[in-house]
Amino acid sequence: MFKSLRAQTLHYFARPHDSLPREPVKSPAAWRGEDLRGRTDWIVTLSEADVAEIESALRASGDRPMQQLARADFPLPTLGPRIEAWRDEVHRGRGFVLVRGVPVAKWTVAQSERFFWCFGHWLGTPGAQNPEGDLLGHVRDQKTGQDVRYYRTNKQLEVHTDTADIVGLLCLQKAKAGGLSRIVSSVAVFNELLKRRPDLAPRLFAPMWFDTKGEGGVRAFALPPCRHSGGELRTFWQSDYYRTVQRFEHVPRLSPAEQELLDVYDGIANSPEFHLDMDLEPGDVQLLSNHTQLHARTAFEDWPEPARRRHLLRLWISVPQRASLKQRWLRARSGVSLTLAAAAELLKEKRRGHAAARS
């Protein structure tokens, strides 16, 4: 069982909204990096018994194609309830968890893929990560062309979110140098922005254009970065792509205030006071909420040997929603608005293409 890219995107962006927060948002996800660096309560280390249970589940999954496997095919009687608790901590609590000790060094890549895919089903429903329908992403420098999503390069990635409730990374190999994973609470960043620049904060709740890199049939799309309802702030942030979208003539130019908003927001997010860096080791699993956390990556230098080059597996997970009738209605309204806006933009894109062909 898995979600198509369209279904997952709609699920993620159907964010309830009915108010603008005028005061700092109170949430366990509103942490600051300076408060967590000396703590380890966000790190879980697997025991020998945990690893034995995982390897028993791997054997129980047999040799069926990975996409045919679901949660029931990967029995984790002891570890399973703990994984669900980690999911709740990510989705409703602090917003992230780091799990250490997956024995990838003694597994083949295929075994690591099989484990991570089945692990994802204990968190929720995995989904496609691109129009090609890739369900398990391989994060590495693919040395491809210029118009490509940055995770497929060795470049620095600015703070952003992905279009799924949870993003999971399993480290198989780390880089020769660099490649640190940086996370920051988008709730804490918003609260600080509200404190410093209350004049800029409301702009986060109006549509902002971003560069889709051609995915979904359109080159650019506009969505509000932030939505707020029921005391919860949900943020979609694409720092790089809010800027690169300006290469398209049909996209409105950023106003000075909007440019300042991007700079101030990113400046807060990149401050050591707010972010937390992780040097992921082989066998580490990082789980993040894409509603309350931003993530980034420092540039990296790879090993010359192909087998040693930086390599992470990536999952996008949709989490079942537990919400009141009002929240479900607000989500449905948001989903309908998104569907209509996407259809309209796709039609405009086709018309622009026809016009360019005739000129």
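The notes below deal with the structure included here. Small disclaimer: the values here were computed from a predicted structure and weren't measured. (Residues numbered from 1 in each chain as written. Predicted model: local features only at pLDDT ≥ 70, side-chain atom pairs only at ≥ 80, totals over all residues. Heavy atoms only, no water.)

The next point concerns the nonpolar core. Grouped together as the largest cluster of nonpolar side chains are 37 residues, with contacts concentrated most on Phe74, Trp86, Phe115, Phe116, Phe119 and Leu170. Examining the composition of this core, we find that seven residues originate from one element, helix H5 (residues 109–123), more than from any other. Once residues lying within four places of it in the same chain are set aside, the contact partners of Phe74 are Ile54, Ala57, Leu58, Ser61, Phe115, Cys118 and Trp122. Within the second largest apolar cluster, 36 residues are counted, among which are Leu194, Leu200, Phe236 and Val264. (Core = buried A, V, L, I, M, F, W, Y, C linked by side-chain atoms within 4.5 Å. Buried < 20%, exposed > 50% of the residue type's maximum accessible area, 1.4 Å probe, protein only. Helix = DSSP H or I, 4+ residues; strand = E, 2+ residues; numbered from the N terminus. Contact = heavy atoms within 4.5 Å.)

This paragraph deals with the packing of aromatic side chains. Counted according to the given criterion, the structure contains 15 aromatic pairs. Here the aromatic residues Phe74, Trp107, Phe115, Phe116 and Phe119 are joined through ring pairs into a cluster of three or more. Just above the ring of Phe96 sits the side chain of Arg94; from NZ or CZ to the centre is 5.4 Å. Above the face of the Phe300 ring, Arg310 is positioned so that its terminal group lies 5.0 Å from the ring centre. (Phe/Tyr/Trp six-rings, centres within 6.5 Å; stacked < 30°, edge-to-face > 60°. Lys NZ or Arg CZ within 6 Å of the ring centre and 35° of its normal.)

In this section: the packing of helix H6 (residues 186–196) against helix H8 (residues 256–269). Each pair of packed helices gets described by two things: the angle between the helix axes and the distance between those axes. Packing of H6 against H8 leaves a shortest axis separation of 9 Å and a crossing angle of 125 degrees. It follows from the interaxial angle that H6 and H8 lie oblique. In this structure, H6 meets H8 at a crossing whose hand is right-handed. Together, Ser186, Val189, Glu192, Leu193 and Arg196 of H6 and Leu261, Val264, Tyr265, Ile268 and Ala269 of H8 make up the contact between the two elements. Grouping the constituent residues of the contact of H6 with H8 by class yields seven nonpolar, one polar and two charged. (Axes fitted to C-alpha atoms, helices over the stretch in contact; angles between N-to-C directions. Parallel < 35°, antiparallel > 145°, perpendicular 65-115°, else oblique. Left-handed = near helix turned anticlockwise from the far one by under 90°. Nonpolar A, V, L, I, M, F, W, Y, C, P; charged D, E, K, R; others polar.)

Once that is clear, we can look at the sheet that holds strand S15 (residues 293–297). Strand order in the open sheet formed by four strands is S5-S15-S8-S13, and the pairing between neighbours is antiparallel. Only two strands of the sheet have a single partner each, and these edge strands are strand S5 (157–160) and strand S13 (276–278). Mean inter-strand twist for the sheet, computed between neighbouring axes without regard to direction, equals 20 degrees. Two elements, S5 and S15, share two bridges in a ladder whose sense is antiparallel. Looking across to S15, one finds that Leu157 is bridged to Arg297. (Pairing = 2+ DSSP bridges.)

What follows deals with the pattern of salt bridges. What the rule picks out here adds up to 30 salt bridges. One continuous salt-bridge network, built from bridges that share partners, spans Arg32, Glu192, Arg196 and Glu273. (Salt bridge = Lys/Arg side-chain N within 4 Å of Asp/Glu carboxyl O.)

Within the fold, Gly120 resides in helix H5. Relative accessible area serves as the criterion here: at 0%, Gly120 is assigned to the buried category. For the pair formed by Gly120 and Arg331, sequence separation is 211 residues and the distance between their alpha carbons is 24 Å.

Attention shifts here to H6. Counting buried positions along H6 yields nine of eleven residues, so the element is predominantly enclosed. Considered for burial, the residues of H6 that qualify are Ser186, Val187, Ala188, Val189, Phe190, Asn191, Glu192, Leu193 and Leu194. The opening residue of H6 is Ser185, an N-cap whose side-chain oxygen sits 3.3 Å from the backbone nitrogen of Val187. (Polar contact = N/O pair within 3.5 Å; in protein donor to acceptor, adjacent residues only side chain to side chain.)

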